[in-house]
Amino acid sequence: MSEARPSALVIGAGIAGIQAALDIANSGYRAVLVESEPSIGGHMAQLSETFPTLDCSQCILTPRTVEVGHHANIDLRTYSLVEDIRRSKDGSAFQVRIRRKAAYVDWSKCTGCGACQEKCPFKVESDFERGVGVRKVIYTLSPQAVPNKPVIDAEHCRYLISKHEIESGTVAALTKSGKPAEPKCGACAKFCPTEAIDWDQKDTYEELEVGAIVLATGFDLMSPAQLGEYGGGQLPDVVDGLAFERLLAASGPTAGRVLRPSDGQEPRNVVFIQCCGSRDPARGQPHCSKICCMYTAKQAILYKHHVHGGEATVFYIDVRAAGKGYEEFLQRAQVQEQVNYIRGKVSRVYAENGHLVVKGADTLGHRSVDVIADMVVLAMAVQPRPETRRLAEMLDLAIDDSGFLCGLDEELAPIETLQSGVFLAGTVQGPRDIPESVAQGSAAAGKVIQRLRQQGGEAAA
Amino acid sequence: MASRTYAYFPGCTLRSHAHEYERQALAAGQALGIDLVELPEWNCCGATFPLNAENVMDLIAPARVLIAGGKAGGDLVTLCAVCFHVLRRTANFLQTHPFALERLNAFVEEGPYDGQLRPRHLLEVVRDDLGWAEIRQRVTQPQAGVRLAAYYGCMLLRPGPEIGLDDPEQPSVLENLIEAVGAQATSFSHSSECCGSYLAATQPGAVERASSRVVEAARAGGAAAVITACPLCKYNLEQAQRGQPEESRLPVAYFTQLLTIAFGVDAPESAPWIVGAPA
């Protein structure tokens, strides 16, 4: 890396961070893009289609991720965390410490052939698949992963667990026959054609100096387990919006067939509940999560496309479809696709005779309704990721009541923060959809470029 | 075993149609070294927590009970879920509304009430002061193979932040108790649905519908009996089944009966879940 060239740190490689890094890099400055997951793309990589155009999410995302992977001005640091940030004495730059987690795979040797993942005998529940799918213990997030290099989940790896047991003495160092005990399994290493598995790999640290920082650490969905009245975390056929995306996605665990988790049957009736934990100061978050009205309409439409003759019912408080083409999309769901919309909240979801009973209020019909469903999809609240708070403390940034970061002025300076040189992009600041996140990523890049230029750094030609 | 002493408020229902609840509680308590000492003087808890708490007159009855509890010293324990509900909400309200407390104290001669008492349910005493390990140790007649539905209703759980006895949506105290005596808690979709409560007085039809659904859900889960901590729930669930032949009714029992039978205080054949239990 050319030390003389000014560079910016972008934390989080979802669509907002990707856009910021690409814009910075395309202006000739260097971008160091840090991502905690093994590969980039963020939540957008989990989605089946996007609203309101029903584009394949993976298809429109992949050109961007590939560009990031190949860009001469982007230093990609995946499977890495920002450990510390300190401002330099004159205030113009930041000293950043990055920890790269041990992947137990030497990525410089790995060709991404996938033999290790094929041969690994152990499967665990995948966070990426939101509990409706599994992955191997050595894994990439998806076949389109950038970088397409696997990591080993040390917590579940048979070899690493038994290696640790031998080294710490919980298992005898000698076997009954007197030979030194050896760790079990190691299938990935046996089948790797380039000997890339490195069982002794440790976390590594890197110190670097940057002139500006973009925070794009994104969001999580609130856990359905927090809504016990809907059977969240208890009833397998009650899933959150991202899990349903995985069931709709052609690259997902069911190869795009909508099958309910409990028995693998195709659900004939699906109920979608909006505002689960959102707009609910008592039980969840006070804010509106903004994206749920649209993605619920999208999921209901896609469900009806996947399961012909299936019934989709949406419970809503009110539908917020303010965006270009959004109201038209909603009309399409209601009129053309005949999704049932019921205005009212749901009080309970419980299992009965192999079905789910959704007890709700129909506040337009002034009656209570029981809807029998095969599956229930909860549009869980969008909330900040836990590491956002840590970064806010590190950088002395303001956070709002929900835990999102605050702009310097939420109306007129939403990209800037209390700290000069630190900018925000995407859902780290509050719920946003994809176009807004992309726009904000570009806006943050603009601020970064302006700052680096003011500091007198020359961009590469 | 070290004995624990608590001030005890029975309430009216335990002296009218829930005598058994009190007898079982005192006997189970004795087996566990829990000494429930009845307040020397007490009155009705008021039976409902007033929704218009502006009018502190409606809080006088429960406040008098709290004052008597304070004078007795130590924790004040109740059995009836409704009494517990009213007393705990009154105590919370007076603790967080000093102005209301001041006005109330101007009315009651027995006071002043300092606003600091936190009335407790016997279930909390069993869970928090003794713990399930101690219950398991006392069991001489394990109820192995008995499938029971843990029924909470509303009063024991809601409103969650005020009552704070258990998770209002996925409670576990009754299930843990059922399992501590060796029985099995069934999966029960309606464990914290309302039985219809006071509507028994004004809209019996509504109670019948609500309670029937609870009973049917318990039956669907394969329960041999419903376990409750609330005399009103027990009454409503039994009333909803009165039209059925006796042998096909699902028995409703207090959690205290589970203890007296498991501890060998009461005869095993007195257990309603053995008699009439489905195979």
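Residues numbered from 1 in each chain as written. Chains lettered and ligands numbered in written order. Predicted model: local features only at pLDDT ≥ 70, side-chain atom pairs only at ≥ 80, totals over all residues.

A. Quick peek at the sheet that holds strand β4 (residues 80-87) of chain A. Residues and elements named next belong to chain A. The strand order β4-β5-β10 describes an open sheet built from 3 strands, whose pairing is antiparallel. One side of each edge strand has no neighbouring strand; the edge strands of this open sheet are β4 and β10 (204-210). Across the sheet, the mean angle separating the axes of adjacent strands is 20° when strand polarity is ignored. Two elements, β4 and strand β5 (residues 94-100), share 7 bridges in a ladder whose sense is antiparallel. (Pairing = 2+ DSSP bridges. Helix = DSSP H or I, 4+ residues; strand = E, 2+ residues; numbered from the N terminus. Axes fitted to C-alpha atoms, helices over the stretch in contact; angles between N-to-C directions.)

B. Main features of the sheet that holds strand β3 (residues 74-77) of chain A. Residue and element names in this part refer to chain A. The parallel open sheet is built from 5 strands, whose spatial order is β3-β2-β1-β11-β22. Strands at the two margins of the open sheet, each flanked by one partner only, are β3 and β22 (422-424). Taken over all neighbouring pairs, the strand axes of this sheet differ in orientation by 20° on average, direction set aside. Across 4 bridges, the pairing between strand β1 (residues 7-11) and strand β11 (residues 212-215) is parallel. Bridging from a neighbouring strand, Ala8 pairs with Ala212 of β11.

C. View of the interface of chain B and chain A. If you look at the interface, chain B gives 5 residues, while chain A gives 6 residues. A per-class count over the side of chain B that touches chain A returns 1 nonpolar, 2 polar and 2 charged. (Contact = placed C-beta atoms within 7 Å. Nonpolar A, V, L, I, M, F, W, Y, C, P; charged D, E, K, R; others polar.)

D. How the structure looks around unusual backbone geometry. The step from A:Val146 to A:Pro147 runs through a cis peptide bond, and the omega angle for that step is -5°. Residue B:Pro159 is bonded to the preceding B:Arg158 through a cis peptide linkage, with omega at 0°. Assignment of secondary structure puts B:Pro159 in the loop between β5 (147-150) and α7 (160-163). For A:Lys290, which is not glycine, the phi dihedral falls at a positive 70°. Position of A:Lys290 relative to the elements: it lies in the loop between β14 (269-276) and α7 (292-306). On the neighbour-count criterion, A:Lys290 (18 C-beta atoms within 10 Å) is partly exposed. The residue A:Asn353 is not glycine, and still its phi comes out positive at about 50°. When you line up the elements, A:Asn353 lands in the loop between β17 (346-352) and β18 (355-362). Take A:Asn353: there are 7 C-beta atoms within 10 Å of it, and that puts it in the exposed class. (Buried ≥ 20, exposed ≤ 12 C-beta atoms within 10 Å, placed from the backbone.)

E. Here's a closer look at the nonpolar core. Ranked by size, the top nonpolar core spans 93 residues in total, and within it B:Leu148 and B:Ile227 carry the most contacts. In terms of residue count, the dominant contributor to this core is helix α3 (residues 81-96) of chain B (9 residues). Counting 59 residues, the second largest nonpolar core, distinct from the first, contains A:Ala20, A:Leu76, A:Ala425 and A:Ile449. (Core = buried A, V, L, I, M, F, W, Y, C linked by C-beta atoms within 7 Å.)

F. The arrangement of the pairing of β11(A) in detail. All names here are of chain A. Of the two faces of β11, the one lined by Ala212 and Val214 and the one lined by Ile213 and Leu215 are each fully buried. Sheet topology note: the β11/β22 ladder contains 3 bridges and is parallel. Note that in β22 the partner of Leu215 across the bridge is Leu424.

G. View of the packing of helix α6 (residues 241-248) of chain A against α7(A). Residue and element names in this part refer to chain A. With their axes 11 Å apart at the nearest point, α6 and α7 run at an angle of 30° to one another. With respect to each other, α6 and α7 are oriented roughly parallel. Read as a crossing pair, α6 and α7 show a hand that is left-handed. Residues Gly241, Phe244 and Leu248 of α6 touch α7, and the partners they reach there are Cys292, Tyr295, Gln299, Leu302 and His306. The residue makeup of the contact of α6 with α7, split by class, is 5 nonpolar, 3 polar and no charged. (Parallel < 35°, antiparallel > 145°, perpendicular 65-115°, else oblique. Left-handed = near helix turned anticlockwise from the far one by under 90°.)

It is worth stressing that arrangement in space is one thing and function is another; only the former is reported here.
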